Amino acid sequence: MIRLPLNRARLGFIAGGCFLPVLILLPFVLALGFEISSEMLGLWGLIAVFATLSFCIAGIALFTPHGLRLDAHGMSGYYAPAPFKWSDIAEIELVTSNKNKLIGLRLHNRDAYWDALTPRQRLFRLGQPAPFHASIPIAPFQATETELLALLRRYWWRYR
C-alpha cells in the first residue's frame with residue numbers, strides 16, 4: 001500500500017492567499033463600526049466566506065496528511081473522487097484544463113459511479129474534463145505529474 005502525501009506548503013500558501021481579503025476588509029469594517037446595515041452585512045459576509053475558506057484549506061493541510069491511498073484493491077483518499085477498484089477504471093490520462101493539470105479517469109460504468117455519489121458530490125463533479133468521468137488534481141501532491149501518472153498506471157496495470 002502506498003500513501004501519497006500532500007504538499008502542505010502549497011496548501012498553506014493557498015490558505016494564506018484566501019485569508020488576505022479578510023486582512024484587507026477587516027480594518028474597513030472595524031473603522032466603520034458594528035452597524036447593522038445592508039452594506040455592512042455584505043462586508044461581514046465576504047469576510048466570513050474568505051475566513052471559512054481559508055480555515056478549511058488550512059485544516060486540510062494540517063490534518064489530512066495523505067491525499068491518495070493506493071493498494072491492490074483500488075484507490076481511495078481525500079482527493080480521490082470516490083473509492084475506485086482498479087477494474088472499474090478503463091483509462092488513466094493526464095489532462096490540462098484551464099491551466100490546471102489533472103489526472104483524468106475514464107470508467108467502464110459511469111452510471112454506477114454517478115449513482116453512488118451524494119447530491120453534493122455530484123454538484124462538484126459537473127465540471128469534469130469532457131471525455132473523462134472523474135479527475136484527480138495534481139497540485140496538492142508532492143509528487144510531480146509524471147511520477148503520479150506513472151504510479152497510478154503501474155498500479156492499474158498490475159491489479160486490474
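Scoring rules and cut-offs
- Residues numbered from 1 in each chain as written.
- Predicted model: local features only at pLDDT ≥ 70, side-chain atom pairs only at ≥ 80, totals over all residues.
- Heavy atoms only, no water.
- Core = buried A, V, L, I, M, F, W, Y, C linked by side-chain atoms within 4.5 Å.
- Buried < 20%, exposed > 50% of the residue type's maximum accessible area, 1.4 Å probe, protein only.
- Helix = DSSP H or I, 4+ residues; strand = E, 2+ residues; numbered from the N terminus.
- Salt bridge = Lys/Arg side-chain N within 4 Å of Asp/Glu carboxyl O.
- Axes fitted to C-alpha atoms, helices over the stretch in contact; angles between N-to-C directions.
- Parallel < 35°, antiparallel > 145°, perpendicular 65-115°, else oblique.
- Left-handed = near helix turned anticlockwise from the far one by under 90°.
- Nonpolar A, V, L, I, M, F, W, Y, C, P; charged D, E, K, R; others polar.
- 1 Å grid on protein atoms, 1.4 Å probe; cavity = no way out; pocket = protein on both sides within 12 Å on 5 of 7 lines; lining within 4 Å.
- Points joined across faces, edges and corners; volume = space filled by probe spheres on them.

Peer 1: Explain the nonpolar core to me, using residue names and the numbers behind them.
Peer 2: Grouped together as the largest cluster of nonpolar side chains are 34 residues, with contacts concentrated most on Met 75, Phe 84, Ile 89, Ile 103 and Leu 105. Elements with a minimum of two residues in this core: helix H1 (8-32), helix H2 (38-63), strand S2 (66-70), strand S5 (89-97), strand S6 (100-107), helix H3 (110-116), strand S7 (134-137) and helix H5 (145-159). With six residues, the top contributor of residues to this core is H5. By size, the runner-up hydrophobic cluster in this structure holds six residues, among which are Val 22, Val 29, Met 40 and Ala 51.

Peer 1: Account for the pattern of salt bridges, with residues named and values stated.
Peer 2: Pairing of side chains with opposite charge becomes possible as their charged atoms draw close. Taken as a whole and assessed by the stated rule, the structure comprises four salt bridges. For the salt bridge of Asp 71 with Arg 69, the shortest nitrogen-to-oxygen distance reads 3.7 Å. When its relative accessible area of 11% is taken as the criterion, Asp 71 is described as buried.

Peer 1: Can you lay out the packing of H1 against H2 for me, pointing to particular residues and giving the numbers?
Peer 2: Across the interface, H1 lies against H2 with an axial gap of 8 Å and an inter-helix angle of 160°. The orientation of H1 relative to H2 falls into the category roughly antiparallel. Of the two possible hands of crossing, H1 and H2 adopt the one that is left-handed. Partitioned by chemical class, the residues of the contact of H1 with H2 number 25 nonpolar, two polar and one charged.

Peer 1: Which residues make up the layout of surface pockets, and what values go with them?
Peer 2: There is about 210 Å³ of room inside the second largest pocket. Forming the walls of the second largest pocket are 13 residues, and the residues nearest its centre are Pro 83, Phe 84, Asp 88, Ala 112 and Tyr 113. Looking at which element gives the most residues to the lining of the second largest pocket, the answer is H3, with three residues. Here the lining of the second largest pocket is composed, by residue class, of nine nonpolar, three polar and one charged.

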